[in-house]
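A closer look at the structure
The primary structure of each chain is shown beneath.
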Amino acid sequence: KCYGLFNGEKSMMKWLILIGAVFSAGCSLIGIRTEEVPQYEVIHAERVYEIREYPSYLIAETKVEGDYDEAVNKGFRRLAAYIFGNNLSRRSFQNELQVQPDSSEKMSMTAPVEVMKEDRTFWSVSFVMPSQYTIDSLPTPKDPRVVVREMGNRKTAVFKTSGFHSEEKMQKHAEGLRRWIEPKEFGEALQASIMVYDPPWTLPFFRRTEITLALRP
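Notes on the structure follow.

Calculation notes
Residues numbered from 1 in each chain as written. Predicted model: local features only at pLDDT ≥ 70, side-chain atom pairs only at ≥ 80, totals over all residues. Heavy atoms only, no water. Helix = DSSP H or I, 4+ residues; strand = E, 2+ residues; numbered from the N terminus. Buried < 20%, exposed > 50% of the residue type's maximum accessible area, 1.4 Å probe, protein only. Contact = heavy atoms within 4.5 Å. Core = buried A, V, L, I, M, F, W, Y, C linked by side-chain atoms within 4.5 Å. Pairing = 2+ DSSP bridges. Axes fitted to C-alpha atoms, helices over the stretch in contact; angles between N-to-C directions. Salt bridge = Lys/Arg side-chain N within 4 Å of Asp/Glu carboxyl O. Patch = residues over 30% accessible without salt bridge, like charges linked within 9 Å, V, L, I, M, F, W, Y side chains within 5 Å. Areas by Shrake-Rupley, 256 points an atom, 1.4 Å probe, with all protein chains shown as cover.

Some words on the overall build of the chain
When you go through the chain residue by residue, the secondary structure sums to three helices and 13 strands. Counting over 217 residues, the chain shows a buried share of 40%. Looking at the chain alone, contacts between residues at least 24 apart form 67% of all its contacts between residues at least 6 apart.

Set out below in structure tokens:
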């Protein structure tokens, strides 16, 4: 009887996990987001434009050669592998954090995924790291193409949109951002990037997509 009860509890747990997964997928389908995102302060807003100030946060970053779609797909898979266990944990030993060669760690998914064109053929793709970590406690990537680093305090101009993301969309709205910034005194517009907050199955009109320009004071 106890064995049957135990099996029933395991079966119930499986159903609860399945229901949770379906609910989560359904929420993301219509743009309901539960992932952690970086904190920021909006210091100026005008229709679909914002000027934001971000405090420092940690990212995992990789460089990928190819066109936009190829870079996003390869970069995402590489970084997803890192946060889902292709890493070496760091554990406290005698008050010091040390790499554990036989231990990996699964981290939570965050948002957004940021994509930036480095030059004519290379792209930078990055994930925001969960805020519970420090640069010393983050797991070490096993893949040498993945680098973890601190993104320092920064000011950005942002164009808020929805729908699909592409290189053409980034370039088009980055130019619009530059024209909007030019007569203002927010700083010199630098590199453009695109921030993607939703998975591919989210309906296009529910998606949160942002084109950004870093600003030099």
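Some thoughts on the nonpolar core
Core analysis: the biggest nonpolar cluster contains 36 residues, and Y82, V115, M129, L138 and L177 have the highest contact counts within it. If you tally residues by element for this core, the top one is helix α2 (residues 68–83), at seven residues. Contact partners of L138, with chain neighbours within four places excluded, come to L58, Y82, R90, M107, M129, Y133 and V148.

Quick notes on the sheet that holds strand β2 (residues 49–54)
Pairing is antiparallel in the open sheet, where nine strands are placed in the order β1-β2-β11-β13-β12-β7-β8-β3-β10. Strand pairing shows two members of the sheet lacking a second neighbour, β1 (41–46) and β10 (146–151), which therefore form its edges. Neighbour-to-neighbour, the strand axes of the sheet open up by a mean angle of 30°, direction not taken into account. Relative to strand β13 (residues 209–216), strand β12 (residues 188–196) is paired through seven bridges, and the arrangement is antiparallel.

A word on the pattern of salt bridges
Two side chains bearing opposite charge may form a pair once their charged atoms approach each other closely. Counting across every chain of the model gives 14 salt bridges. With a closest N to O distance of 3.6 Å, R47 and E46 form a salt bridge. E46 gets classed as partly exposed once you look at its relative accessible area, which sits at 24%. A salt bridge links R52 to E50; the shortest N-O distance between them is 2.8 Å. Of the two residues, R52 and E50, neither departs from the other in class, the shared state being buried. Shared partners join several salt bridges into a network, and the residues in it are E50, R52, K160, R208 and E210.

Some thoughts on the pairing of strand β8 (residues 122–128)
β8 sits mainly inside the fold: six of its seven residues count as buried. Here strand β3 (residues 57–65) runs beside β8; their pairing, made up of seven bridges, is antiparallel. Residue pairing in the sheet places T62 in a bridge with V125 of β8. The sheet contact formed by strand β7 (residues 113–117) and β8 spans five bridges and is antiparallel. Across the sheet, the residue bridging to M116 is S124, located in β8. The hairpin formed by β7 and β8 contains four residues between the paired strands.

Concerning a nonpolar patch on the surface
A cluster of nonpolar side chains, namely L203, F205 and F206, defines an oily patch on the protein surface of about 290 Å² accessible area. Tracing the backbone shows L203 in the loop between β12 and β13. In this structure L203 comes out as partly exposed when scored by relative accessible area, which is 31%.

Here's the deal with the environment of S162
By the element assignment, S162 lies in the loop between β11 (154–161) and α3 (167–181). Along the primary structure S162 and P204 are separated by 42 residues, whereas in three dimensions their C-alpha atoms are 6.6 Å apart. With near-sequence residues (within four places) excluded, S162 lies in contact with K169, P204, F205, R207 and T209.

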